[in-house]
Amino acid sequence: MIDMMIGEALRQYREEGYAIVRSFFAPHEVEAVAASFDRHWRIGMTHRASFRHGNLFYRQGKDPALGKILRLVQWPSYVDATLEEVRRDPRWLALLQPLLGSNVKQIINQLHWKPPGATAADFAFHQDVRFRRPRSAYRNLEHSYVQTGLAIDRHTRESGALRLLPRSHAMGEVEIAGEGPVLDQHMADARLARCGLDPRRLVDVTLEPGDLAFWNLYTVHGSGPNSTAQDRRFYLNGYVRAEDCDRGEWTFRQGAPMPLGDPVLVHYDDLFVRPDPHYVE
């Protein structure tokens, strides 16, 4: 059954730039990931500011309604056995191999939060290709990269579900979000219109816990605030064909899951200059 679901999802992904696989992980597995989220929230909130230790990064934010919040954690899998096992679970290969082959690296390993009532937890409309820097380290991005998000809670428009523009992956790279961090800006339909894109075509990626969404690096998407009384948590893992990327941690080598070892260069350019724990003010 799961093979049929993945087959249909791959067809949709190629045509529309995104797809969903329902119940990709079982409830008890999602509960284990949720416990990891809770653990990292507590750790992140003990710090007085955003905190980095090598590739591990706790990114704080300020919400007008809630005060200090944790926006995301990059590469928690270095210090969390549950998240490390999930990111390289063999089930990923059935989804990734038809798109990327059997040698797969990982560029994104992130926990994302939208806590209940958060009004400043948006992500402006953007394409993920925006973040692939330096561009010289990445090749054939349209066909060599897959971004995934595992729902830990229900995702609805009210809770800040992903909103995306089907088939936008076919138009290539377009500057939508403008300058400044994407996570510090609200979604704005006017920005889509300025790029010749029709906001009426946006779809809400509604998910139940354990559902998996995946999308193309060029697919236009964003997400809004969480006006519900429940968390909206998303475990993001971005995978790339190893031959087309000079950075990233191995996930599968010739189809075999690869555990993390010593950190390698991913996003943090000063990894080998300043690997020590420090605050990022």
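Coordinates for the structure precede this section.
Now for a look at the structure at hand. Since the model is a prediction, treat every value here as computed from it, not as a measurement.

Strand order in the open sheet formed by four strands is β6-β11-β8-β9, with antiparallel pairing between adjacent strands. Lying at the two open borders of the sheet, with one neighbouring strand each, are β6 (123-126) and β9 (203-204). Across two bridges, β6 lies against strand β11 (residues 221-223) in antiparallel orientation. The partner of H126 across the bridge, within β11, is H221.

For the rest of this paragraph, the subject is the pairing of strand β12 (residues 232-241). Counting buried residues in β12 gives ten out of ten residues, a clear majority hidden from the surface. Alternating positions in β12 separate into two faces, R232, F234, L236, G238 and V240 on one and R233, Y235, N237, Y239 and R241 on the other, with burial throughout. One ladder, built from ten bridges, connects strand β5 (residues 104-114) with β12; its direction is antiparallel. Looking at β12, one finds that H112 is bridged to F234. Sheet topology places strand β7 (residues 145-151) next to β12; seven bridges connect them, and they run antiparallel. The residue bridging G149 from the neighbouring strand is L236, located in β12.

A few words on the pattern of salt bridges. Under the defined criterion, the tally for this structure stands at 21 salt bridges. For D80, the salt bridge identified is with R39, shortest N-O distance 2.9 Å. Taken as a pair, D80 in the loop between β4 (67-74) and α3 (81-87) and R39 in helix α2 (residues 27-46) lie far apart in primary sequence, 41 residues in all. You can call D80 buried: its relative accessible area is 3%. Of the charged contacts in the structure, one is a salt bridge between R274 and D276, with a shortest N-O distance of 3.8 Å.

Below, the discussion takes up the side chain of N109. Within the secondary structure layout, N109 lies in strand β5. A distance of 3.0 Å separates the side chain of N109 from the side chain of S77, its partner in a polar contact. Leave out the neighbours within four places in its chain, and N109 touches V73, Q74, W75, P76, S77, R87, Y235, L236 and N237.

In terms of burial, β5 is a largely internal element, eleven of the eleven residues being buried. With three bridges joining them, β5 and strand β13 (residues 249-253) adopt antiparallel strand pairing. Paired with V104 across the bridge in β13 is F252.

Before going further, it helps to examine unusual backbone geometry. In this chain, R133 is followed by P134 through a cis amide linkage whose omega measures -5°. Positionally, P134 belongs in the loop between β6 and α5 (141-144). The phi torsion at S23 lies on the positive side, around 55°, for a residue other than glycine. Following the sequence through the fold, S23 ends up in the loop between β1 (18-21) and α2. On the basis of relative accessibility, which here comes to 53%, the residue S23 falls in the exposed class. If you check the backbone angles, Q254 has positive phi at about 50° while not being a glycine. When you line up the elements, Q254 lands in the loop between β13 and β14 (256-257). A residue is classified by how much of its surface remains accessible, and Q254, at 70% relative accessible area, is exposed.

Another aspect to go through is helix α1 (residues 2-16). The first and last C-alpha atoms of α1 sit 20 Å apart over 15 residues, in line with the 21 Å expected at 1.5 Å per residue. Here α1 has its buried residues at I6, A9, L10, Q12 and Y13. Down the axis of α1, the smallest arc covering the buried residues is 170°, so these residues share one side. Buried residues along α1 sit in contact with β1, α4 (91-100), β7 and β10 (212-216).

Thresholds applied
- Residue numbers run consecutively from 1 along every chain, following the written order of its sequence.
- In keeping with the model being predicted, local features are shown solely for residues with a pLDDT of at least 70 and side-chain atom pairs are shown and tallied solely at 80 or more, while totals for entire chains, interfaces and linings include all residues.
- Water and hydrogen atoms were dropped before computing side-chain values, which therefore reflect all heavy atoms in the structure.
- A pair of strands is treated as paired once DSSP finds two or more bridges between them.
- By the criteria applied, helices consist of DSSP H or I runs no shorter than four residues and strands consist of E runs no shorter than two, each listed in order from the N terminus.
- Buried, partly exposed and exposed residues are distinguished by accessible area as a fraction of the type maximum, computed with a 1.4 Å probe on protein chains only: under 20%, between the cut-offs, and over 50%, respectively.
- Only one rule defines a salt bridge in this text: a Lys or Arg side-chain nitrogen within 4 Å of an Asp or Glu carboxyl oxygen.
- Within 3.5 Å is the distance limit for a polar contact, defined as a pair of N or O atoms, with the added protein rule that one can donate a hydrogen and the other accept it, and that residues adjacent in sequence qualify only through two side-chain atoms.
- Whether two residues are in contact is decided by their heavy atoms: any pair within 4.5 Å suffices.
- Expected span of a helix: the number of residues minus one, times 1.5 Å.
- Taking the helix axis as origin, the arc is that swept by the directions to the C-beta atoms.

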